Amino acid sequence: MVLWRRWARSFWAFPCWIIDDPRPVEARRVSELLSLMTEVEVADAARRRDLGG
């Protein structure tokens, strides 16, 4: 889910599928947000692989 926080003038996104630790990421530019979202997705995939799921 991605939200535009008008008062902060930034995008705020959090993964809806990560139940253990759904930390939001925040960025002022879309390109930065996409990079942060990719980092979270890769880290979660690695964690799931390490846990055998």
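Please refer to the structure higher up on the page.
Worth saying up front: this structure is predicted, and the values here are computed from it rather than measured.

Student: Which parts of the structure should I look at to understand the sheet that holds strand β3 (residues 25-27)?
Tutor: Within a sheet, each strand pairs with its neighbour through backbone hydrogen bonds, oriented either parallel or antiparallel. On the basis of which strands lie adjacent, the open sheet formed by 3 strands has the order β1-β2-β3 and antiparallel pairing. Since the sheet does not close on itself, it has two edges, and those belong to β1 (2-5) and β3, each with one partner. Within the sheet, the average angular offset between the axes of one strand and its neighbour, ignoring direction, is 25°.

Student: Hey, could you run me through the pattern of salt bridges in this one?
Tutor: If the charged atoms of two oppositely charged side chains come close together, the side chains can form a pair. Across all of its chains, the model carries 4 salt bridges by this definition. Of the charged contacts in the structure, one is a salt bridge between Asp44 and Arg47, with a shortest N-O distance of 2.9 Å. Note that Asp44 and Arg47 are positioned in helix α1 (residues 30-50) at a spacing of 3 residues, about one turn of the helix. By relative accessible area, Arg47 is classed as partly exposed at 29%. In this structure, Arg48 and Asp44 form a salt bridge, with 2.8 Å as the shortest nitrogen-oxygen distance.

Student: It is not clear to me how the pairing of strand β2 (residues 10-13) should be interpreted in this structure. Could you clarify?
Tutor: When a strand is regular, its side chains alternate between the sheet's two faces. Alignment of β1 against β2, held across 4 bridges, turns out to be antiparallel. When the bridges of β2 are listed, Trp4 appears paired with Phe11. The loop that links β1 with its antiparallel partner β2 comprises 4 residues; one of these, Arg9, has a positive phi angle of about 55°.

How each quantity is defined
Residues numbered from 1 in each chain as written. Predicted model: local features only at pLDDT ≥ 70, side-chain atom pairs only at ≥ 80, totals over all residues. Heavy atoms only, no water. Pairing = 2+ DSSP bridges. Helix = DSSP H or I, 4+ residues; strand = E, 2+ residues; numbered from the N terminus. Axes fitted to C-alpha atoms, helices over the stretch in contact; angles between N-to-C directions. Salt bridge = Lys/Arg side-chain N within 4 Å of Asp/Glu carboxyl O. Buried < 20%, exposed > 50% of the residue type's maximum accessible area, 1.4 Å probe, protein only.

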